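Topology and contacts: notes
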Amino acid sequence: MEETTDRVFLLSPANVAGKRAKMLLNPMASFELAWRLRTGDGVPLGEAFAFMSGLYFRGKLAYARAFAHAPEGCAGVLVITSNRGLISADALVTPAELQAYSDVPINASDERYSRPLIRDALAVAAACGIDCSIVLLGSVASGKYVDHLLPIFGKRLHFPKEFVGRGDMSRGGLLLRSVIENRLLTHIPVAGAVRRGSRQPKLTPLDPKTPR
C-alpha cells in the first residue's frame, strides 16, 4: 500500500426510492435494522444506505473506512445526499430524514440538491487543506456530482481509475477485493481524466475460503 496521505472520501448515495429502501422504511418491518431505525435515535447513514444499495454501497463504505486518513477536524467518510449536502457516514438518520431524501432528485440543476452540496463542499475544502485528496466514489461520467465538486476542489478531486468501464456491481466487488487485499486503487484527478471507457471484463469470483 502507498504511503499514507490525507484522504477524504465522498460517497454517492443509495437509491432511497428502491425496493430495499421501502423494506427498511416499512413501519411493519420486524428485522433488526428497521426496528432500530424506528425505535431509537436512528441508525448510522452508512449502515442504512448499505442495506438499501447492497454490494455497491457496501463496497464503497468498506473501502472508504479502510483507506480514509482525514486531517484533524474533518470526517474521513462523507455521503452525498439529495437535500442535506455532505453527511458523515456515522451520523444518525431517522425514517423521516431518509424518506425526505427521496423527495429531491440528484440533479445538478436542482438547487435543493446543489446548494447544500456546494455549501458543505466549500467547508470541507477549507477545513482539509490543499494537501488532502478528496476521493469521489461515485459516477464521474455525468455531471451530477462533478459539475459542483470539481470547481471547488480542482486537482484535489480524485476518483479510482479502475472505475472506468465498470458498472455498479463490478465496482462494489472491486472495492471489497481491495479491502481484503489491503490494496489502494489508483486514484487519479478527475480534471483531464478519461471518464468513460469500454466495458471491463468481469471480476473473477473470490475464493470462498478468502477471509472477509
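All figures in this text were calculated on a predicted structure; none of them were measured in a lab. (Residues numbered from 1 in each chain as written. Predicted model: local features only at pLDDT ≥ 70, side-chain atom pairs only at ≥ 80, totals over all residues. Heavy atoms only, no water.)

Here we take up the overall build of the protein chain. When its secondary structure is counted, the protein chain shows 8 helices and 8 strands. Counting all 212 residues of the protein chain, 46% fall into the buried class. Summarising the internal contacts of the protein chain: among those between residues at least 6 apart in sequence, 75% fall at separations of at least 24. Accessible area for the protein chain stands at about 10,800 Å²; split by element, carbon and sulfur atoms hold 53% of it. (Helix = DSSP H or I, 4+ residues; strand = E, 2+ residues; numbered from the N terminus. Buried < 20%, exposed > 50% of the residue type's maximum accessible area, 1.4 Å probe, protein only. Contact = heavy atoms within 4.5 Å. Areas by Shrake-Rupley, 256 points an atom, 1.4 Å probe, with all protein chains shown as cover.)

Our focus in this paragraph is the pattern of salt bridges. Taken as a whole, this structure holds 7 salt bridges when the rule is applied. A salt bridge links Asp90 to Arg65; the shortest N-O distance between them is 3.0 Å. Residue Asp90 is found in the loop between strand E4 (86–88) and strand E5 (92–93), and its partner Arg65 is found in helix H4 (residues 55–67); the two are separated by 25 residues along the sequence. Owing to a relative accessible area of 41%, Arg65 belongs among the partly exposed residues under this scheme. Between Glu97 and Arg84 there is a salt bridge, with the nearest N and O atoms lying 3.5 Å from each other. In this pair, Glu97 is assigned in helix H5 (residues 95–101) and Arg84 in the loop between strand E3 (77–80) and E4, connecting sequence segments 13 residues apart. (Salt bridge = Lys/Arg side-chain N within 4 Å of Asp/Glu carboxyl O.)

This part covers the pairing of strand E1 (residues 7–11). Across the 5 residues of E1, 5 count as buried, placing the element largely inside the fold. Side-chain alternation along E1 places Arg7, Phe9 and Leu11 on one buried face and Val8 and Leu10 on a second face that is also buried. With 5 bridges joining them, E1 and strand E6 (residues 133–137) adopt parallel strand pairing. In the sheet register, Arg7 faces E6, and the bridge partner there is Ser133. Pairing analysis gives 3 bridges linking E1 to E3, with the strands arranged parallel. Note on E3: the bridge partner recorded for Phe9 is Val77. (Pairing = 2+ DSSP bridges.)

This brings us to the nonpolar core. The biggest cluster of nonpolar side chains holds 38 residues, and the ones touching the most others in it are Leu24, Phe49 and Leu98. Among all residues touching Leu98, those that are not within four sequence positions of it are Val16, Leu24, Leu25, Leu37, Leu45, Ala48, Phe49, Met52 and Val93. Counting 27 residues, the second largest nonpolar core, distinct from the first, contains Tyr113, Val124, Ile134 and Phe153. (Core = buried A, V, L, I, M, F, W, Y, C linked by side-chain atoms within 4.5 Å.)

With that out of the way, let us pick up the sheet that holds E3. Strand order across the open sheet formed by 6 strands is E4-E3-E1-E6-E7-E8, with mixed pairing between neighbours. Looking at strand neighbours, the two that pair on one side only are E4 and strand E8 (187–189), the edges of this open sheet. Going from strand to strand, the sheet's axes swing by 35° on average, the running direction of each strand aside. Packed onto the sheet, helix H7 (residues 143–153) meets E1, E3, E6 and strand E7 (157–160) and runs at close to 175° relative to E6. (Axes fitted to C-alpha atoms, helices over the stretch in contact; angles between N-to-C directions.)

Moving on: the environment of Pro95. Within the fold, Pro95 resides in helix H5. Owing to a relative accessible area of 30%, Pro95 belongs among the partly exposed residues under this scheme. For the pair Pro95 and Val43, spaced 52 residues apart in sequence, the C-alpha separation works out to 9.1 Å.

With that settled, consider the confidence of the model for the protein chain. With 89% of its residues at a pLDDT of at least 70, the protein chain reaches an overall mean of 89. Looking at the elements of the protein chain, mean pLDDT is at its lowest for helix H8 (residues 168–180), recorded as 92, and at its highest for E3, recorded as 98. Here residues 207–212 is modelled with pLDDT under 50, and outside its nearest four sequence neighbours on either side it reaches 5 contacts, counting other chains as well. (pLDDT = per-residue confidence, 0-100.)

Right, let's talk about the packing of aromatic side chains for a bit. Tallied over the full model, the rule gives 5 aromatic pairs. The interplanar angle of 85° and the centroid separation of 5.7 Å between the aromatic rings of Phe9 and Tyr63 together place this pair among those described as edge-to-face. A residue pair is termed long-range when its members are at least 10 positions apart, and Phe9 in strand E1 and Tyr63 in helix H4 qualify at 54 residues. The pair Phe9 / Tyr63 is uniform in exposure class, with both members buried. Above the face of the Phe51 ring, Arg20 is positioned so that its terminal group lies 4.2 Å from the ring centre. Seen from the ring of Tyr56, Lys60 lies directly overhead, with NZ or CZ sitting 4.1 Å from the centre. (Phe/Tyr/Trp six-rings, centres within 6.5 Å; stacked < 30°, edge-to-face > 60°. Lys NZ or Arg CZ within 6 Å of the ring centre and 35° of its normal.)

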